[in-house]
Amino acid sequence: MNYFSFAWMTFRNRLLEEYRYPLQAIVNLLVFSGFVFLIASGSSVIIGGDAAVNFTRVFLAFFLGVGLTSIMQTLVDKGSLEEFYLYPLKSAPMLLAAGAGRLLESILTMAFLVYLVPGWLLGHPDLAWRFLAATPLVGFFAMGLGMVIAGLSLVYRKLGQLPQILMLLLLALAVGVPDSVLAFSKGWFPLAAAVLYTRGAAVIPWSAWAVSLAVFALGIVLFAVLEKQMFARGLISQE
């Protein structure tokens, strides 16, 4: 098995998990879309703007949250660290492949919902394309942060609800921060640049792409460093 087949297997399994029962999947998508629409409508009162655009902002934050948690979830799915390190693939590339597979499934699902609600129902078909264009920027940034969290979990197993707390903070940033603040941070914070892009910005700054790729690379390096520390300290069997 290579890393591409592992990513494809993860992507396929995610699709099967989500859509094995079509009626339940449709209900879940409708409920989730309704929940996001309520958040988007409420945020339009706080920060202004169109509910359709704010709907897309919320989905970008959720997408980043998926990237944050997907790599950590791969470690959890393997049961224990001993089982994880018995897998016939190197740890960091395997985690990235699994994260990419999960993100790809999320891109397809979220892009469809953005096309359906803001695009078809609310008359903003361009938002689905803007969402798709921004997902690589957010995805690399998210997987970099996810690798950092996964590395920390190897040495400090009891991270509590850190990934979920980060996701809530990012969601709050996407729906509750005025555009003037986002404009100040768009050059060095990829989510801010992606959110502003969905609101009509002509381009995503190159500096935001650079930061996203730098965080991605830094996450891989930090994971390798923390992994070595785990082995050096004999922490692989800790509970």
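A few points on the structure. (Residues numbered from 1 in each chain as written. Predicted model: local features only at pLDDT ≥ 70, side-chain atom pairs only at ≥ 80, totals over all residues. Heavy atoms only, no water.)

A word on the overall build of the protein chain
- For the protein chain, the count of helices and strands is ten helices and zero strands.
- Reading the protein chain from its N end, one meets helices and strands in the order α-α-α-α-α-α-α-α-α-α.
- Expected size for 239 residues packed as a compact globule is a radius of gyration near 18 Å; at 18 Å, the protein chain falls within 12% of this value.
- Across its three principal axes, the protein chain shows a C-alpha extent of roughly 55 × 45 × 30 Å.
- Taking all 239 residues of the protein chain together, 46% fall into the buried category.
- Separation of charge centres in the protein chain, based on 14 positive and 11 negative side chains, amounts to 5 Å. (Helix = DSSP H or I, 4+ residues; strand = E, 2+ residues; numbered from the N terminus. Rg over C-alpha atoms; globule rule 2.2 N^0.38 Å. Buried < 20%, exposed > 50% of the residue type's maximum accessible area, 1.4 Å probe, protein only. Lys, Arg positive; Asp, Glu negative; His and termini not counted. Charge placed at Lys NZ, Arg CZ, Asp CG, Glu CD.)

A look at the nonpolar core
- Ranked by internal contacts, the top residues of the largest apolar core, which has 71 residues, are Phe-59, Leu-60 and Leu-64.
- Here this core takes 15 residues from helix α3 (residues 51–77), the largest share from any one element.
- What Phe-59 contacts, discounting residues up to four positions off in sequence, is Phe-32, Val-36, Met-110, Leu-113, Val-114 and Phe-131. (Core = buried A, V, L, I, M, F, W, Y, C linked by side-chain atoms within 4.5 Å. Contact = heavy atoms within 4.5 Å.)

Considerations on the packing of aromatic side chains
- Within this structure, the stated rule accounts for eight aromatic pairs.
- With a centroid separation of 5.4 Å and 45° between ring planes, the pair formed by Trp-8 and Phe-11 is classed as tilted. In this pair, Trp-8 and Phe-11 are both assigned in helix α1 (residues 3–19), three residues apart and thus about one turn of the helix distant.
- One residue, Arg-130, lies across the ring of Tyr-197, its end atom 4.5 Å from the ring centre. (Phe/Tyr/Trp six-rings, centres within 6.5 Å; stacked < 30°, edge-to-face > 60°. Lys NZ or Arg CZ within 6 Å of the ring centre and 35° of its normal.)

Topic: the pattern of salt bridges
- Evaluation of the coordinates by the stated rule reveals four salt bridges.
- Between Glu-18 and Arg-14 there is a salt bridge, with its nearest N and O atoms 3.2 Å apart. Here Glu-18 and its partner Arg-14 are both found in helix α1, four residues apart, which amounts to about one turn of the helix.
- The exposure class of Glu-18 is partly exposed, given its relative accessible area of 33%.
- Residue Arg-130 pairs with Asp-126 through a salt bridge whose shortest N-O separation is 3.9 Å. Taken together, the residues Arg-130 and Asp-126, both in helix α6 (residues 126–155) and four residues apart, mark about one turn of the helix.
- Since its relative accessible area comes to 18%, Arg-130 is described here as buried.
- Because the salt bridges share partners, they merge into one network encompassing Arg-14, Glu-17, Glu-18 and Glu-105. (Salt bridge = Lys/Arg side-chain N within 4 Å of Asp/Glu carboxyl O.)

All we've got here are geometric facts, nothing functional implied.
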